[in-house]
Amino acid sequence: MSFTAMQPLDTLTFPLCGASLIEASAGTGKTYTIVNLYIRLLLGHGCAPLGVEQILVVTFTNAATGELKERIRQRLRQAYLDFFAKSSQDDFIQQLIEQSDNVERDCQRLALASKQMDEAAVYTIHGFCHKALTEHAFESGAMYEQSFILDESEWLKIAAEDYWRKHVVILPQHTLQLLLKHWSTPDAMLKDIGRLLSQHATPYQTADIDSAIKSVNQYAEQVAKLKHWWLANDISQQLGKANLNGRSKLAKLPTLQDMQAFCKSDLLQIDFDKTGWQLFSPEQVAKAAKKGSEDLSHLDFGQFDVLQSMLQGCQQKLTLAFSQHAMSVVSANLASHKQMLHLLSPDDLLLGLQRAINQQAGSDDKTNALANTIRQNYPAALIDEFQDTDPVQFEVFQGIYGAYKEGTESEQLKACWIMIGDPKQAIYAFRGADIFTYIKAKDWVQSQRHFTLATNWRSAPKLVNSINQLFESSRKGFLFEQKIPFYPVQAGRDFAGLSIAGEEVQSLDFQHLCSEQNLPISATDASTQLAIATANQIAHWLHLAQTDQAQIQNRTITAGDCCVLVRNRKEAQVIKNALSAVNVASVFLARKSVFATPIAVDLFRLLKALSQPTDERLLKAALMSELFTFDAQQLDNLFNDESRWQDVLEQRFYWHQTWQKHGLIRAINQVLQHFDVEQGLLKHHTDGLRRVTDLRHLTELLQQQSLQLVGEAQLIHWFESCLLEPDHNNDNQQI
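Because the structure is predicted, anything quoted here is derived from the model rather than measured.

J.: For the packing of aromatic side chains, give the residues involved together with the corresponding values.
T.: Under the definition given, this model contains 28 aromatic pairs. With centroids separated by 5.7 Å and ring planes inclined at 70°, the aromatic side chains of Phe595 and Phe719 adopt a geometry described as edge-to-face. Taken together, the positions of Phe595 in the loop between helix H21 (569-581) and helix H22 (598-611) and Phe719 in helix H29 (residues 712-724) put the pair 124 residues apart, joining distant regions of the chain. The buried category is assigned to Phe719, whose relative accessible area is 0%. Site record: aromatic cluster; members linked through ring pairs are Trp229, Trp230, Phe262, Trp277, Phe280, Phe301 and Phe304. If you follow Lys227 out to its NZ or CZ, it ends over the ring of Phe262, 4.8 Å from the centre. For Lys620, the ring lying beneath its charged end belongs to Phe639, and the centroid distance is 5.0 Å.

The following block contains the structure:
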C-alpha cells in the first residue's frame, strides 16, 4: 500500500502553531497527550504563554467535557506541586522543569491556571457555537434574545404538516394515489426525509414535480388501455379455460376475480398480489402453461412488462421530485417558525456560526471580523474526537483557524489548531461520524503535520502484537485504506495475560462454529451455541481457579475478570442465560441514563401535577401512569368515589406547600407514601426492585438540582431537557 507514513508524536517538540492532525488509537494515551499539550500552551513552551480562557478545547458530549476538564484540573495541580518541588517522577513534567528558564514563574502560572479552571474554555461543539454567537452577536448577525431548544421535533412536525396540506393533498388524483403508496402520512414523509434534513444533504440527482406528474399521467393512460383490453377481450375467461398448471396463480379463480375487479376500479396498481404487474408478465404466463394448455400467444401480455417499467420510472421520479421539494420547503418552514418565535436548536447554532463566518470569508482576511475575533480570543484550539466531526463543524473551524493566506503571517504567529481522533472509529455513522469529512480534513492538513501516538499503554504485549499481525497481514484492513491505513503500535507495559496451569493462553483466539452435516446454521441457533461455548469456557477457567491453576498477573482469576462483549440486549440475555446454566453469576452492564427509563417519564408527570395543583387533569394523568400501578377498575373507583377523590384533591395543595417550604424530596415522598407506590411497584412488576431503585435515584437527582435552580419552572425545564437528551455517559445518571 502506498501512503505517507505519519510521524510519531513527541509531546515536547510538537509544533504549537498552525494546523496539525493527531491520530490516536485506543489505549495510546490520547487524553494524557491533550493535557500535556495544554500545559505547554499555558507555560509558553514553544509558543506564547496563554491563559485557561484562551485555550479552546472542544469535545462532543457534555460528559466528555466534564471528564476532560477534571483531568486537566488534576494534572495542573500535580504539575504545580512538581514545579514547586523542582522535581517530578513524571518524565514529561521533569523535562519541562529542566527546560524552563524560570521555574518560579512557571510555578505561578500553573497555580493560577489551577485556580481558574472554572473559567477554562472547555466546551461541547454546540456550547462553543452558542458562546461565539451570543458573545459576538453584532459580528455574527445573530439575534440578542433567543430561546434554546434541545428538541425541535415538534416544530419539524408542524412544518411537515404545513407542506402536506399545501403541496400534497391538492395534487391530481392519479399523482396523489401513487404518492400515498410511498408516503401514507406526513409522519411517513418526515421519517423518510428527516435524516437527510438533519445532515443538510444535497440530492445527487434532481427531478422537477411537473415532469413527475407528466410521467404519472402517461402511466395512467397506459393503465386505462390495459384495463380496457382486459375487459374487452374477457382475458379472465380465456385464462380460466386455458387449462393452465393448477399450482399457478394464473389458474386460480380468486386471482382472476381480483384482476377483473381491479380493471373496473380507479386504482393504478395491482394491490392484491405483491408481484404487481409481473403477475401477468409473458414469463409468468409461459411458466403457467403445461402440456395440453391452450395457446395464448395471440394475447399481448407484453404490455404488463411495459407497465412495470413505467411504474418504476414514475415512482422514482415522484419520490425524487417530492423528496427534494419537501426537504427544501419543510426546511424553510421550520426556519420560518423558529425565527418568528426566536428559537434556536443545536443545529442552528452550528449553521448560524458557519453562515456568519462564510459571509465574511470572501472578503480580505483583515475584515473577517468574526473569525478574527474568535481566533484572537482563542489563539489555540484542540478538537478532541475529531473523527466524529461532520462537514459543518469542520467548515466552522476551518473558517476560523484555517483561513490564512500564503505569506500573510509567519509560521510562528499562526494560531494553533490541533485535531485529535481515531479515524478507525470514523466509520461509525450512528455516532454522527462522517468518514469523508475526516478524509477531507486529513488531505487539507499538510502531510508533515500528521502525527500518531505509537505506544499502547493499556493492553498486554501479546494482544498488541496479535492485533498488529492480524491487520498488517491484510491488504485491506479498513475501508479507504489509502486514507486510513493501519499503523502498528508497540506495547508500553510488560505484563502477562491469562495463564492456565503455568502456561500463557494466547491473547487472540478465533473459534469457528461448524455444523454437524456442514449445513448452514441459523443465526438464532448459532447465537445460542456460541453463548454455550463461551459460558463453558469461562466456567472451565473459574473451576481451574479454585485450585490456583488459572491466574492473571500472578493472582487467581475471578468471575469479575471475565467480560463478554455483545451487540445488543438480546445477545446479552442469551449469554446471561448460558452462564446461569453453568452456575456463573453475571450482570449486564450498559451505559444508560436513568432519565431514559419509563419511570423517569412517570415521575415527570407527577412533578408537573405537583407544580400546578389547580389542574386536575395533570394529577389524573400522573395517577394513570405505571408509577402508581392502578388498573382501569381501580382508577374508575377512585375517580368516581367523591369522598376519596376529594381527599386526594385536598392533599395535592398540601403536597405543593410542602415542596415550597420543605423541599421537593419531602413532597415526593409524601405522595409515594400516600399511595404506597414502592410496594405497588414491587408487587406488580417483575423488575419492581429496579424501578424502585431508579425512582429513588431520580428523586435524589431532582433534590440536588432543586438546590441549584431557582423556582419550580426551572427545575421542570431541567428535568424535561434530561428526558429529551439523556446523557448515557454521565456517571451521575447511570442506572
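J.: Mind laying out the sheet that holds strand E9 (residues 450-452), listing which residues take part and the relevant values?
T.: Ordered by their spatial adjacency, seven strands build an open sheet running E1-E9-E2-E8-E7-E3-E4, and the pairing between neighbours is parallel. With partners counted over all chains shown, the strands left at the sheet margins are strand E1 (7-8) and strand E4 (122-124), one partner each. Summarising the sheet, strand E2 (residues 18-23) and E9 pair through three bridges and their orientation is parallel. Looking at the pairing, Glu23 lines up with Thr452 of E9. With respect to the sheet, helix H5 (residues 125-135) is in contact with strand E3 (55-59) and E4, its orientation differing from that of E4 by roughly 105°.

J.: For the pattern of salt bridges, give the residues involved together with the corresponding values.
T.: The tally for this structure, following the rule as stated, stands at 23 salt bridges. Among the ionic pairs, Arg73 bridges to Glu70, the shortest N-O distance being 3.4 Å. A residue pair is termed a helical-turn pair when its members lie 3 or 4 positions apart in one helix, as Arg73 and Glu70 do in helix H2 (residues 62-85) at three residues. Residues participating in the shared-partner salt-bridge network are Asp101, Arg105, Asp106 and Arg109.

J.: Give a description of the sheet that holds strand E13 (residues 503-504) that names residues and reports values.
T.: The pairing of strands in a sheet comes from backbone hydrogen bonds and takes either a parallel or an antiparallel form. Pairing in this open sheet of four strands is antiparallel, and the strands run E13-E12-E14-E15 from one edge to the other. Strand pairing shows two members of the sheet lacking a second neighbour, E13 and strand E15 (555-556), which therefore form its edges. As paired strands, strand E12 (residues 498-500) and strand E14 (residues 550-552) are joined by three bridges and run antiparallel to one another. Bridge pairing in E14 links Ile500 to Ala550.

The rules behind these values
Residues numbered from 1 in each chain as written. Predicted model: local features only at pLDDT ≥ 70, side-chain atom pairs only at ≥ 80, totals over all residues. Heavy atoms only, no water. Phe/Tyr/Trp six-rings, centres within 6.5 Å; stacked < 30°, edge-to-face > 60°. Helix = DSSP H or I, 4+ residues; strand = E, 2+ residues; numbered from the N terminus. Buried < 20%, exposed > 50% of the residue type's maximum accessible area, 1.4 Å probe, protein only. Lys NZ or Arg CZ within 6 Å of the ring centre and 35° of its normal. Pairing = 2+ DSSP bridges. Contact = heavy atoms within 4.5 Å. Axes fitted to C-alpha atoms, helices over the stretch in contact; angles between N-to-C directions. Salt bridge = Lys/Arg side-chain N within 4 Å of Asp/Glu carboxyl O.

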